[in-house]
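Secondary and tertiary structure notes
For reference, the chains in residue letters:
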Amino acid sequence: MFSKILIANRGEIAVRIIKTCRKMGIQTVQVYSEADAGSLAVEMADEAVLIGPAPAAQSYLLADKIVEAVRQTGAQAVHPGFGFLSENAGFARRLRDEGIAFIGPNPEAIEAMGDKISSKKLAAEAGVSTVPGHMGLIETPEEAVKIANEIGYPIMIKASAGGGGKGIRVAHSDADMAEGFAAVKAEALNAFGDDRVFLEKFIVDPRHIEIQVLGDKHGHVVHLFERECSIQRRNQKVIEEAPSPLLDEATRMAMGAQAVALAQAVNYDSAGTVEFVAGQDKSFYFLEMNTRLQVEHPVTELITGVDLVEQMIRSAWGETLAFEQKDLKIDGWAIESRIYAEDPYRGFLPSIGRLVRYEQPEEGDQEDYTVRNDSGVREGDEISMFYDPMIAKLCAWGETREAAVEGMARALEDTHLSGLGHNVPFLAAVMDQDRFKSGNLSTSYIKDEFPDGFHGVKPTQDQERILIASALAMHEVIAEQDGDPSDRTDWIVMIDKTPHGVGLSYDEDEEMILTLTGGGDIRLSDIDWRPGLAQFKADLNGEPFTAEVKRVADGFDIRHRAAKARVRVLRPHVAELYARLPEKVAADTSKMVLSPMPGLVVSIPVVVGQEVKTGETVAIIEAMKMQNILKAERDGVVKAVGAKDGDPVAADDVLVEFG
């Protein structure tokens, strides 16, 4: 077995690989850019080698730097993780030529499957069902429009070398096709150094289901069942689960057999994923093959007990698979939520900066569910604009899907982050939705359920009780600490501007009893909170909960899952005055185009004095390797331009102002 492995990646996947290497007694070398010098992966690895500046094109994407680090440290093998050089056949071939093991498939398999055009042709030859489309290269927007009309809209525009949700657009018209084709080519060239684009029919109301395959160098290939990855936003997976709530056993076996047949056709010899687009009628079509470890691999590990990173290492060493297809079984259900540094209340725009607080849920068995949290950052770390904004992959396992969903909801409650925007409230909202609980999923789920974006949710009756009880309990703790306890037994607890009358008493065990004016008593026990803590934990009528809390001048900001509110504990006569306070009027920014996120200005194609019509592009901002096109929301004449090409900008910086 290898004695030393170099990890040519960063963040949570680097940490994940280090953990398995430690388990196997293998030393690790972590390469890093200047931006990652103080990272968790660098701290955990046995050795670390600086390979360049922050931009990936000057560090993690430079094969020369990786090979030099291998030679410098005496590593015998390279694990590429996912992204960066993980699906670069030239890199894998170079390592092989230099006598360095590549922990991934052979370069010929990467070459055959890594190009999405050739892979579809090979899939068809292997008897795998494929989506109708145009697999040839397309050079111009005019040619793309012509082909799209032959196939029929809607059409998906995809970068041939794409991955990670980048380089993908859906066109519903000729105008969409012309604009989207140019945008995808630009994104593809920037992200992958390859601007080739192809088209395929977009399946209406589809589901995204993928099959995990695993092969060795002796011709053996198995599949480890499926993962459902339909909850996506902008073609980026957000929530994954295994198995899929759609599939029956017959469909599962059919998809698995096709995936194995395709892997065998290219002599596949590592972990890989065959992705399918599936109809609600359980029809399925080959989408692409990812010749690497997937981001969402933990859910497969949780339902099969197989460590995929370990199996990749063993395969690269030349070992034969230690199990056959008949040995693999599905045990329970697992869900993964990708926690991103993005602001769901601002259209999910990237939110870079310092992670001021990061409290993670306890991992392991939690009675009714099990928690796993794969993270590459710690409290105090910086989320950089140069890389993917993922903070963690939070996973929950349960014996049933219902148990896994509730386990995930509880794990999200126990996650607290501050210092930047994050999508935990949004993930919690999905877990609480009846549609998600029913398993009725599609890739348009987020767009269908949140057509106007995410603005939080109104608290349910149970959540109102959590907000009331938490606020009143914190109010009492603070009063006691300040030496000003009150013997008042009647309070008005205002959730935003809605008053709730509450009677307060204590039983013989000093547990709080709250009597609501609307009827019913609630009991609050096992309170775990003191001033300064960001999480309030307690049992409400015997059920545990965690709320995120912040003390403010006139009360508390409290969030439970996706419901948040300003909550005030007031004497009745004071509550009457609050109801009369005027609403604060927001500043008028209707004549301004603001940067929606921190990033770099790609271009501002307007000048002072120019007349602009509604819908015209006024700025292009790049952040997290994605280009964001900003368009005028009104007709007007440009009064001022606040930035120039190449400028760094912060969220809400004024880019263009109209007269």
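The next thing to look at is the overall build of the chain. When you go through the chain residue by residue, the secondary structure sums to 17 helices and 40 strands. A compact globule built from 659 residues would reach a C-alpha radius of gyration of about 26 Å, and the chain, at 27 Å, matches this within 12%. In terms of principal-axis extent, the alpha carbons of the chain reach across some 80 × 65 × 55 Å. Taking all 659 residues of the chain together, the buried fraction comes to 56%. The contacts in the chain between residues at least 6 apart in sequence include a share of 64% that link residues at least 24 apart. For the chain, the exposed area adds up to about 27100 Å²; of that, 49% sits on carbon and sulfur atoms. Side-chain charges of the chain comprise 69 positive and 106 negative groups, with the mean position of each set lying 4 Å from the other.

Before going further, it helps to spend a moment on the packing of helix α4 (residues 89-97) against helix α5 (residues 107-114). The N-to-C vectors of α4 and α5 enclose an angle of 175°; their axes lie 8 Å apart at closest approach. Our classification of the angle between α4 and α5 gives roughly antiparallel. Here A89, A92, R93 and R96 of α4 lie close against α5, whose contacting residues are P107, E108, I110 and E111. Its residues assigned to classes, the contact of α4 with α5 shows four nonpolar, no polar and four charged.

Pairing within the closed barrel is antiparallel, and its eight strands lie in the order β25-β26-β27-β28-β29-β30-β31-β32. Within the sheet, the average angular offset between the axes of one strand and its neighbour, ignoring direction, is 35°. Along the sheet face, helix α12 (residues 401-413) touches β29 (535-540), β30 (543-552) and β31 (555-560) and points at about 30° away from the line of β30.

Among the nonpolar cores identified, the biggest contains 40 residues, and I239, I335, I391, M431 and F436 are the most heavily contacted of them. Of all the secondary structure elements, the ones that give two or more residues to this core are β12 (236-242), β15 (333-340), β23 (390-398), α12, α13 (424-431) and α15 (445-449). Here the element with the most residues in this core is α13; it accounts for seven residues. If we skip the residues at most four places from it in the chain, F436 touches I231, I239, E241, I335, R401, V405, V430, M431, L441 and Y445. Of all hydrophobic cores here, the second largest spans 37 residues; its members include F2, I7, L40 and A77.

This next bit is on the pairing of strand β38 (residues 636-641). As paired elements, strand β35 (residues 611-612) and β38 share two bridges and run antiparallel to each other. The residue bridging V612 from the neighbouring strand is G636, located in β38. When β38 meets strand β40 (residues 654-658), the two strands line up antiparallel, connected through three bridges. Note on β40: the bridge partner recorded for V641 is V656.

Attention shifts here to the packing of aromatic side chains. Across all of its chains, the model carries 12 aromatic pairs by this definition. Look at Y60 and Y387: their rings are 5.8 Å apart centre to centre, the planes differ by 75°, and that puts the pair in the edge-to-face class. One end of the pair, Y60, is in the loop between β3 (47-52) and α3 (63-73); the other, Y387, is in the loop between β22 (382-383) and β23, with 327 residues separating them in the sequence. Here Y60 falls in the buried class, since its relative accessible area comes to 1%. An aromatic cluster of at least three residues, connected via ring pairs, comprises Y345, F348, F426, F450 and F454. If you follow K564 out to its NZ or CZ, it ends over the ring of Y345, 3.9 Å from the centre.

Along strand β27 (residues 512-516), four of the five residues are buried, which leaves the element largely enclosed by surrounding structure. Where strand β26 (residues 498-506) lies against β27, five bridges are found, and the strand directions are antiparallel. In the strand pairing of β27, L504 is matched with L514. From the end of β26 to the start of β27, which pair antiparallel, there are five residues, and E510 there has a positive phi angle of about 65°. Of the strand pairs in this sheet, β27 and strand β28 (residues 521-528) are connected by four bridges, and their pairing is antiparallel. Note that in β28 the partner of I513 across the bridge is R523. Following β27, the chain reverses through four residues before pairing antiparallel with β28; G519 in that reversal takes a positive phi of roughly 115°.

Counted as a void, the second largest pocket has a volume near 960 Å³. Partitioned by chemical class, the residues of the lining of the second largest pocket number 12 nonpolar, nine polar and 14 charged.

Across the eight residues of α13, eight count as buried, placing the element largely inside the fold. Along α13, the residues that are buried comprise V424, P425, F426, L427, A428, A429, V430 and M431.

As a further point, take the sheet that holds β40. Read across the sheet, four strands follow the order β33-β40-β38-β35 without closing on themselves; strand pairing throughout is antiparallel. Across the chains shown, the open sheet's two edge strands, defined by having one partner strand only, are β33 (592-594) and β35.

Before going further, it helps to examine the environment of S119. Looking at the element boundaries, S119 is found in helix α6 (residues 116-125). Residue classification places S119 among the buried positions, given a relative accessible area of 0%. A sequence separation of 168 residues divides S119 from L287, and the C-alpha atoms of the two residues are 9.1 Å apart. Here S119 is in contact with A112, M113 and F286, once residues within four sequence places are set aside.

What follows is about the packing of helix α7 (residues 141-151) against helix α8 (residues 174-192). Taken N-terminus to C-terminus, the directions of α7 and α8 make an angle of 135°; their axes are 9 Å apart at the nearest point. Put simply, α7 runs oblique to α8. The way α7 lies across α8 gives a crossing that is right-handed. Two secondary-structure elements touch here, α7 through P141, A144, V145, A148 and N149 and α8 through D174, M177, A178 and F181.

By the element assignment, E301 lies in helix α10 (residues 297-304). According to the relative accessible area criterion, E301 is buried, its value standing at 8%. Other than its neighbours up to four places away in sequence, E301 contacts R16, V306, D307, L308, V309 and R372.

Next up on the list: the pattern of salt bridges. Within this structure, the stated rule accounts for 56 salt bridges. Between R372 and E301 there is a salt bridge, and its shortest N-O distance comes to 2.8 Å. Taken as a pair, R372 in strand β21 (residues 370-375) and E301 in helix α10 lie far apart in primary sequence, 71 residues in all. Given a relative accessible area of 16%, R372 falls into the buried group. R568 is the salt-bridge partner of D554, the closest N and O atoms lying 2.8 Å from each other. A residue pair is termed long-range when its members are at least 10 positions apart, and D554 in the loop between β30 and β31 and R568 in strand β32 (residues 563-570) qualify at 14 residues. Judged by its relative accessible area of 25%, D554 falls in the partly exposed class. By relative accessible area, which is 13% here, R568 ends up buried. Look at the salt bridges and you will find they share partners, linking R16, K23, E301, D307, E310, R314, E319, R372 and D374 into a network.

Procedures and definitions
- Position labels on residues start from 1 in each chain and follow its written sequence.
- Given that this is a predicted model, residues contribute local features only at a pLDDT of at least 70 and side-chain atom pairs are listed and counted only at 80 or more, while totals for whole chains, interfaces and linings are drawn from all residues.
- Side-chain figures throughout are based on the complete set of non-hydrogen atoms in the structure, without hydrogens or water.
- Runs of H or I in DSSP of at least four residues are treated as helices and runs of E of at least two as strands, each being numbered from the N terminus.
- Radius of gyration means the value over C-alpha atoms here, while the globule rule gives 2.2 Å times the residue count to the 0.38 power.
- When accessible area is computed with a 1.4 Å probe and restricted to protein chains, residues below 20% of their type maximum are described as buried, those above 50% as exposed, and intermediate ones as partly exposed.
- Two residues qualify as a contact provided that any one of their heavy atoms is within 4.5 Å of a heavy atom in the partner residue.
- Only the protein chains shown count as covering a residue, and every accessible area follows the Shrake-Rupley method with a 1.4 Å probe.
- Residues scored as charged are limited to Lys and Arg (positive) and Asp and Glu (negative), so that His and the chain ends carry no count.
- Charge placement uses NZ in Lys and CZ in Arg. For Asp and Glu, CG and CD serve respectively.
- Axes, fitted as lines to C-alpha atoms, cover a helix only where it is in contact. Angles between the N-to-C directions of the axes lie from 0 to 180 degrees.
- If an angle is under 35 degrees, it is roughly parallel; if it is over 145, roughly antiparallel; if it lies from 65 to 115, roughly perpendicular; otherwise it is oblique.
- Classification used: nonpolar for Ala, Val, Leu, Ile, Met, Phe, Trp, Tyr, Cys and Pro, charged for Asp, Glu, Lys and Arg, polar for all others including Gly.
- Note on pairing: DSSP must find at least two bridges between two strands before they are called paired.
- Note on terminology: a nonpolar core comprises buried Ala, Val, Leu, Ile, Met, Phe, Trp, Tyr and Cys residues joined through side-chain atoms within 4.5 Å.
- Think of it this way: a Phe, Tyr or Trp ring, Trp meaning its six-membered ring, pairs with another when their centres are within 6.5 Å, and the plane angle makes it stacked under 30 degrees, edge-to-face over 60, tilted otherwise.
- By definition, being over a ring means that NZ of Lys or CZ of Arg is both within 6 Å of the ring centre and within 35 degrees of the ring normal.
- Residues are called lining when one of their atoms sits within 4 Å of a cavity or pocket point, these points coming from a 1 Å grid over the protein atoms alone, where a cavity is a set in which a 1.4 Å probe fits but cannot get out and a pocket is an open set with protein on both sides within 12 Å along at least five of seven lines.
- Grid points are joined across faces, edges and corners, and a volume is the space filled by probe spheres set on the points.
- Left-handed is the label given to a crossing in which the near helix is rotated counterclockwise from the far helix by less than a right angle, and right-handed is the label when the rotation is clockwise.
- The term salt bridge refers to a pairing of a side-chain nitrogen on Lys or Arg with a carboxyl oxygen on Asp or Glu at a separation within 4 Å.

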